[in-house]
Amino acid sequence: MSTAKTSPSQKLGSGVPAYSYGASLRPPRGNYSIAQADYTCEQVWEAYSHAEHDRYRRLYKDRIAKLPGLACEAFISSLAALDASEQIPNLKQVSGNLRNATAWELVGVPGLIPETAFFKLLSERRFPITTWLREEAEFNYIVEPDIFHDFFGHVPLLFNPVFADYMQAYGRGGLKADRLQALEYLARLYWYTVEFGLINTPQGLRIYGAGILSSGSEPYYSLFDPKPKRIGFDLKRVMSTRYRIDDFQNTYFVIDSFDQLFEATAPDFTHLYTQLAQLPTFSAGEITKTDKIFHNNVEGPSKKG
Ligand code: HBI
Ligand code: FE
């Protein structure tokens, strides 16, 4: 998600250093002392309380109700097949199905992990899922990823073969991008695709970004609010665009297909970084002459915000 930095002073127990976004006011939650060197940890499924399963079930019910006609079809159908509406999913169980479908697996992590560890897991087709669930007070908004965001938002599309390959290509690209500036470009790409991406379909624009899908109110806003810009995907344009982490997005990028996404990022794009360093960056919400703007998105069936 956003740029983050390690806080070595927060090393807990004998595990790995804890990790948080930017200069966080409070230490990250999650027990980093039990994590392995690759930042993965066991999901102790038996330890979730009745109240946590119940909260997850209500989150699922609340969010799914807002998505018909708004989320892309691949997301809707994969999520339904997952049968994960009633309780916090068991990562090992789901991994069995996911391995058969796209050769991905889910691994538990204590929360945010450093970029390199994150990229390495993706390059190995292992998707990190935070093992803890948000508090009741965070039902509608949470800053850092929890198991609801990670699972509900990200796992369904890992069943899509092309999207699954894109995620691995992204991880491999990340491992190669060892310069600090390049990390920023990769963070923008992740943000505007995996987290906040829209896709153009014959029925109209649809959502595939996990950050929108797991949010209570951004789905309707992202597609139909007149304020944000919806711009055709262009790799360099995306990598040059800053983003905001504190509010709804001002810009969404629209892909035509997951193939387009994969094809744009599968080649070695490390050479782009020298070009990008010479180009101006765009603020969120800014538009430029060469942008393909999507106007007048046809309103979908659900008006719930
Ligand atoms: N760690 N658990 C977790 N989940 C993320 O989405 C994540 C992360 N660490 C780094 C990170 N995202 C971002 O900086 C990406 O842009 C790479
Ligand atoms: Fe996410």
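Quick caveat: nothing in here was measured; it's all calculated off a predicted structure.

(A) Representation of the overall build of the protein chain within the structure. Within the protein chain, the regular secondary structure consists of twelve helices and eight strands. Buried positions account for 55% of the 305 residues belonging to the protein chain. Long-range pairs, those at least 24 residues apart, make up 67% of the contacts in the protein chain between residues at least 6 apart in sequence. Total accessible area on the protein chain is roughly 13,600 Å²; 54% of this is exposed by carbon and sulfur atoms.

(B) Structural context of the pattern of salt bridges. Scanning the entire structure with this criterion turns up 21 salt bridges. The salt bridge involving Arg-29 is made with Glu-144; its shortest N-O contact spans 3.2 Å. With a gap of 115 residues between them, Arg-29 in the loop between strand E2 (19-21) and helix H1 (50-64) and Glu-144 in the loop between strand E4 (126-130) and helix H5 (147-158) connect regions that are remote in the sequence. By relative accessible area, which is 21% here, Arg-29 ends up partly exposed.

(C) Quick peek at the coordination of the iron ion (ligand 2). For the iron ion (ligand 2), the full set of protein donor atoms is His-149 (NE2), His-154 (NE2) and Glu-195 (OE), and the range of their distances to it is 2.0 to 2.1 Å. Along the chain, the residues that donate to the iron ion (ligand 2) are spaced as H-x4-H-x40-E. Highlighted residues: His-149 in helix H5 and Glu-195 in helix H7 (residues 180-195), separated in sequence by 46 residues. Of the two residues examined, His-149 and Glu-195, each falls in the buried class.

(D) View of the pairing of strand E3 (residues 105-109). With four of its five residues buried, E3 lies for the most part within the structure. As judged from the five bridges shared by E3 and E4, these two strands associate in the parallel manner. Each bridged residue has a counterpart across the sheet, and for Val-107 the counterpart in E4 is Pro-128. In this fold, the crossover linking E3 to E4 by way of helix H4 (residues 115-123) has right-handed handedness.

(E) Expanded view of helix H2 (residues 73-82). Buried residues of H2: Phe-75, Ser-78, Leu-79 and Leu-82, and no others. Down the axis of H2, the sector holding all buried residues measures 100 degrees, keeping them to one side. Turned more than 90 degrees off the buried face of H2, the exposed positions are Glu-73, Ala-80 and Ala-81. Packed against the buried residues of H2 are H1, helix H3 (91-102), H5 and helix H8 (210-213).

What counts, and where the lines are drawn
- Residues numbered from 1 in each chain as written.
- Chains lettered and ligands numbered in written order.
- Predicted model: local features only at pLDDT ≥ 70, side-chain atom pairs only at ≥ 80, totals over all residues.
- Heavy atoms only, no water.
- Helix = DSSP H or I, 4+ residues; strand = E, 2+ residues; numbered from the N terminus.
- Buried < 20%, exposed > 50% of the residue type's maximum accessible area, 1.4 Å probe, protein only.
- Contact = heavy atoms within 4.5 Å.
- Areas by Shrake-Rupley, 256 points an atom, 1.4 Å probe, with all protein chains shown as cover.
- Salt bridge = Lys/Arg side-chain N within 4 Å of Asp/Glu carboxyl O.
- Donors = N, O, S within 2.8 Å, 3.2 Å for Na, K, Ca; no water.
- Pairing = 2+ DSSP bridges.
- Right-handed = clockwise from strand over helix to strand, strands pointing away.
- Arc of directions from axis to C-beta.

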